[in-house]
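Coordinates in review
Below are the chains, spelled out letter by letter.
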Amino acid sequence: GTRGRNVFLSAVHTLPVPATASVIIASHNTRPYLERALAAIGDGYEVIVVDAASTDGSPAAVRERFPHVDVVELTQNRGYGAAVNAGIARARGDLLLVMNGDAWPRPNAVGALLAAAEREPRAGILGPRLLNVDGTLQPSVRGFPTPWRLATEYLFLRRLAPRSRLLNAFYGSGFDHRRRREADFLVGAALLVRRSLLDEIGGFDEQFFMFNEEVDLCYRARTVGWSTVFTPEAEFVHVGGASTAPVRPAMYREQLRSHLRFIRKHRGAAAAERTRRLLVLAMRLRALVFGVTGRTDRRRLSLNAASWLASGDARWLLDRSSEAAPASTA
């Protein structure tokens, strides 16, 4: 009767609805890798490419070869987070796979990430195992930056005890990357993010032009009870720095600036200033070490960074507009 029909309809409406997935790729002058990524992903998902003012013909190539892909062209490069946010605003999925333009999934990797999201309802962010182009591991499990952890990285301390949490928490204490693990944060080359998490905490902080925007997202997720989960059964290849090599000094400064920005945002101005002073000393030490070992390119990079870090206090360095704006999002 009617009552039975109403009970049936009520039961139908309480059944879990399968999550929909969208793929968002932020790209800047990564055309050959981008085409490889799109070929690997296929047309089983909504795919959005956000192009940040590329000059290599990427948008036209994507439209020609992959007509199912939605291409969003930005008139200027405002950074990785801004590009991803533009894609998120356009996407319809409940699960959002956000990717660099120089990363692509190995077979079944996207499906493995989506399956993991079904098993991990409290995971707001899930990340795959990253591989270099030659198939070797690209370590991606990290610990949130603190002044001490940055010291262990830039003063070479982590090399004294790679598996020590005291000296190498920034790099996951030598984690072997072969098993599931909850992490502070994961390298952002490819991350599956729940829209419900973004509805709660907002998207990427666009103050981070490049580097640490995923760190900040994972940190904010942690503060409201969501976890970040490393998912080794899903594997992605990540080239890394595909379009940053020509502007490496500016990118290195931007990486250091992003550390300072993260520390100031989450630990305060005084901690950021202490971190700046520590990094000045670290860069000068690195220049000495690289000079002794004959690494002249690394020595110049370190001296350039030390000079920049010493040119003003943390507040001054952070309140200036990014020098890297013409550069890359990959």
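None of these values were measured; they are calculated from a predicted model.

Description of a nonpolar patch on the surface
A cluster of nonpolar side chains, Leu285, Leu288 and Val289, forms an exposed patch at the surface whose accessible area comes to about 240 Å². By the element assignment, leucine 288 lies in helix 11 (residues 269-292).

A closer look at the packing of aromatic side chains
Under the counting rule described, the total for this entry stands at 8 aromatic pairs. For the pair phenylalanine 144 and phenylalanine 262, a centre-to-centre distance of 6.4 Å together with 20 degrees between the ring planes defines the contact as stacked. Taken together, the positions of phenylalanine 144 in the loop between strand 7 (141-142) and helix 6 (147-154) and phenylalanine 262 in helix 10 (residues 248-267) put the pair 118 residues apart, joining distant regions of the chain. A centroid spacing of 5.7 Å and a plane angle of 85 degrees characterise the contact between phenylalanine 175 and phenylalanine 230, whose relative ring orientation is edge-to-face. Taken together, the residues phenylalanine 175 in the loop between helix 7 (165-168) and strand 8 (181-183) and phenylalanine 230 in strand 11 (residues 227-238) connect sequence positions 55 residues apart. Comparing phenylalanine 175 with phenylalanine 230, the two get one shared label, buried. Over the face of the ring belonging to tryptophan 226 we find arginine 122, whose NZ or CZ atom lies 4.2 Å from the ring centre. If you follow arginine 181 out to its NZ or CZ, it ends over the ring of phenylalanine 175, 4.8 Å from the centre.

Details of the packing of helix 9 (residues 213-223) against helix 10
The contact between helix 9 and helix 10 brings their axes to 10 Å, and the two run at 20 degrees. In terms of their interaxial angle, helix 9 and helix 10 are classed as roughly parallel. Between helix 9 and helix 10 lies a crossing of right-handed hand. Here Val215, Asp216, Tyr219 and Arg220 of helix 9 come into contact with helix 10, specifically with Phe262, Lys265 and His266.

Quick notes on the environment of asparagine 304
Among the secondary structure elements, asparagine 304 is positioned in helix 12 (residues 296-309). As for asparagine 304 and arginine 284, which are separated by 20 residues in sequence, their C-alpha atoms are 9.6 Å apart. With residues near it in sequence (within four places) discarded, asparagine 304 still touches Pro249 and Arg253.

A look at the confidence of the model for the protein chain
In this model, the protein chain carries a mean pLDDT of 88, and residues with pLDDT of at least 70 account for 89%. Across the protein chain, the element-wise mean pLDDT spans from 41 in helix 1 (residues 2-14) up to 98 in strand 10 (residues 190-194). Across residues 2-17, where pLDDT falls below 50, the model places 0 contacts with residues more than four positions away in sequence or in other chains. Per-residue pLDDT stays below 50 along residues 324-330; that stretch engages in 31 contacts with residues further than four places along the chain or on separate chains.

A few points about the pattern of salt bridges
All told, the structure shown has 23 salt bridges when counted by the stated rule. The shortest N-O distance in the salt bridge between arginine 31 and glutamate 35 comes to 3.6 Å. One end of the pair is arginine 31 and the other is glutamate 35, both in helix 2 (residues 31-41) and 4 residues apart, which spans about a single turn. Given the relative accessible area of 33%, arginine 31 is considered partly exposed. Overlapping salt bridges, with partners in common, bring together Asp205, Asp216, Arg220 and Lys265 in one network.

Parameters and conventions
- Residues numbered from 1 in each chain as written.
- Predicted model: local features only at pLDDT ≥ 70, side-chain atom pairs only at ≥ 80, totals over all residues.
- Heavy atoms only, no water.
- Patch = residues over 30% accessible without salt bridge, like charges linked within 9 Å, V, L, I, M, F, W, Y side chains within 5 Å.
- Areas by Shrake-Rupley, 256 points an atom, 1.4 Å probe, with all protein chains shown as cover.
- Salt bridge = Lys/Arg side-chain N within 4 Å of Asp/Glu carboxyl O.
- Helix = DSSP H or I, 4+ residues; strand = E, 2+ residues; numbered from the N terminus.
- Phe/Tyr/Trp six-rings, centres within 6.5 Å; stacked < 30°, edge-to-face > 60°.
- Buried < 20%, exposed > 50% of the residue type's maximum accessible area, 1.4 Å probe, protein only.
- Lys NZ or Arg CZ within 6 Å of the ring centre and 35° of its normal.
- Axes fitted to C-alpha atoms, helices over the stretch in contact; angles between N-to-C directions.
- Parallel < 35°, antiparallel > 145°, perpendicular 65-115°, else oblique.
- Left-handed = near helix turned anticlockwise from the far one by under 90°.
- Contact = heavy atoms within 4.5 Å.
- pLDDT = per-residue confidence, 0-100.

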